[in-house]
Amino acid sequence: MHPGHVRTAGRRPRPPPDTSYVALISGGSEVVCEIRPRSRAARDELLLGRLQRTPRVIGFSAHCLLHRFYGGPLRWLQKANALSAEQEAALRPAPLDAAAPGTVTVDDTDEALLAALFRDGRTGLADLQRACGQSEDVVRRRLDRLRGNGALYFAVQYLPEHVGREIGAMLWLTVAPSALAAAGHALAEHAEVEFAAAATGQTNIIAAVRCRGTEELYAYLNDKIGALDGIRTVETALMLRQIKQLALAPAAVPG
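Since we're looking at a predicted model, the values are computed, not measured. (Residues numbered from 1 in each chain as written. Predicted model: local features only at pLDDT ≥ 70, side-chain atom pairs only at ≥ 80, totals over all residues. Heavy atoms only, no water.)

As a further point, take the overall build of the protein. Within the protein, the secondary structure is distributed over 9 helices and 7 strands. Counting across all 255 residues of the protein, residues that qualify as buried make up 35%. Counted over contacts in the protein with a minimum sequence separation of 6, partners at least 24 positions apart contribute 73%. About 15200 Å² of surface is accessible on the protein, with carbon and sulfur atoms providing 53% of the total. (Helix = DSSP H or I, 4+ residues; strand = E, 2+ residues; numbered from the N terminus. Buried < 20%, exposed > 50% of the residue type's maximum accessible area, 1.4 Å probe, protein only. Contact = heavy atoms within 4.5 Å. Areas by Shrake-Rupley, 256 points an atom, 1.4 Å probe, with all protein chains shown as cover.)

Our focus in this paragraph is the packing of helix H5 (residues 108-119) against helix H6 (residues 125-132). With their axes 9 Å apart at the nearest point, H5 and H6 run at an angle of 135° to one another. Relative to H6, H5 is oriented oblique. Pair H5 / H6 crosses with right-handed handedness. For the pair H5 and H6, the contacting residues are Thr 109, Ala 112, Leu 113, Ala 116 and Leu 117 in the first and Leu 128, Ala 131 and Cys 132 in the second. (Axes fitted to C-alpha atoms, helices over the stretch in contact; angles between N-to-C directions. Parallel < 35°, antiparallel > 145°, perpendicular 65-115°, else oblique. Left-handed = near helix turned anticlockwise from the far one by under 90°.)

Glancing now at the environment of Thr 236. Turning to its location among the elements, Thr 236 is positioned in strand E7 (residues 231-244). The spacing of Thr 236 and Ala 207 is 29 residues in sequence and 9.7 Å in space, taken between C-alpha atoms. Residues within four places of Thr 236 in sequence aside, it is in contact with Ala 169, Met 170, Leu 171 and Leu 221.

Okay, the environment of Gln 87 next. You can see Gln 87 is positioned in helix H4 (residues 85-91). The partly exposed category is assigned to Gln 87, whose relative accessible area is 41%. Separated by 2.8 Å, the side chain of Gln 87 and the backbone nitrogen of Ser 84 make a polar contact. (Polar contact = N/O pair within 3.5 Å; in protein donor to acceptor, adjacent residues only side chain to side chain.)

Our focus in this paragraph is the nonpolar core. Counting 21 residues, the largest nonpolar core has Leu 171, Leu 173, Leu 187, Ile 205, Val 209, Tyr 220 and Ile 225 as the members making the most contacts within it. The set of elements that each furnish at least two residues to this core consists of strand E3 (65-70), strand E4 (167-175), helix H8 (180-189), strand E5 (193-199), strand E6 (205-211) and helix H9 (214-225). Those residues in contact with Leu 173 that lie beyond four places of it in its chain are Thr 203, Asn 204, Ile 205, Ala 207, Ile 225, Ile 231, Thr 233 and Val 234. Val 32, Phe 195, Ala 208 and Met 239 belong to the second largest nonpolar core, which has 13 residues in total. (Core = buried A, V, L, I, M, F, W, Y, C linked by side-chain atoms within 4.5 Å.)

Summary statistics for the protein give a mean pLDDT of 81 and a share of 81% for residues scoring 70 or more. Considering each helix and strand of the protein separately, the mean pLDDT is smallest for helix H1 (residues 6-10), with a value of 48, and largest for H8, with 97. Under a pLDDT of 50 for its full length, residues 1-6 has, in the predicted model, 14 contacts with residues more than four places off or in other chains. (pLDDT = per-residue confidence, 0-100.)

Let us look at the pattern of salt bridges. The final tally for this structure, using the stated rule, is 12 salt bridges. Where Glu 34 meets Arg 68, a salt bridge forms, and the shortest distance between an N and an O atom there is 3.5 Å. Taken as a pair, Glu 34 in strand E2 (residues 31-35) and Arg 68 in strand E3 lie far apart in primary sequence, 34 residues in all. Among the charged side chains, a salt-bridge network with shared partners connects Asp 107, Asp 110, Arg 142 and Arg 145. (Salt bridge = Lys/Arg side-chain N within 4 Å of Asp/Glu carboxyl O.)

For E5, the tally of buried residues reaches 7 of 7 residues, placing the bulk of the element in the interior. Here 4 bridges tie E3 to E5, and the two strands are oriented antiparallel to one another. The residue of E5 that forms the bridge with Tyr 70 is Ala 196. A loop of 5 residues connects E5 with E6, the two strands running antiparallel in sequence, and Gly 201 in this loop sits at a positive phi of about 115°. (Pairing = 2+ DSSP bridges.)

Quick look at helix H2 (residues 40-53) now. Residues that lie three or four places apart on an α-helix share one face, since the helix turns once every 3.6 residues. Taking 1.5 Å per residue as the helical rise, H2 with its 14 residues ought to reach 20 Å, and the 19 Å between its terminal C-alpha atoms agrees with that figure. In the structure, H2 departs most strongly from a straight axis at Leu 46, where the bend amounts to approximately 35°. The set of residues buried in H2 consists of Leu 46, Leu 47 and Gly 49. The inward-facing, buried residues of H2 contact E2. (Expected span 1.5 Å × (residues − 1). Bend = angle between axes of the 7 residues up to and from the residue.)

See the structure below:
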């Protein structure tokens, strides 16, 4: 995207619902995002249609996340010790028996529930009942089923600077194929890493990290990344602004 229009893009009123993360970064790319299209047709329409037609976009590259080492339901707050045991317990939902792995099928009622929770993850049972036209017992069973099969999970939105981690950076690592899995699992254990995944493209691991300052970021790159076996190259770009996290629109994120 042309540098003169980056901030304008960041202020767009509502990124598409299949875009789960958007950030402005320094370096060769001005905008980085994660998309989760629900079908191949939706993916093709986004990459070959909407992005191509978006004004002021002068180029983009798309990569597939092959394997997630850390992120998703596993949130960085678990590593940062930002919450007390009581606070964690208050936020943690009741455990459920996980369903067997496989394709998740959702019907119109499920879609209505998911749409309501997409708009506001704290929507109460009464509003969910109105959204799908079902009884409270049906809504509870549906939510339990969606949680059990992994279609629905809870995560906490937070501002990293409020827990002392003001510096965010994206890392693109080139790792020897024989060391890919070991490097990814090692990254998942690092306290600084909030996301790490194997991906297609010229670099084969993408990671997002949080540090207290640039000196801590330097120490992390030198001491921890430098100590990993198989690392060939590392490209680093500072995150300038986070536009969207989870499913919330920019207006819902203080900033």
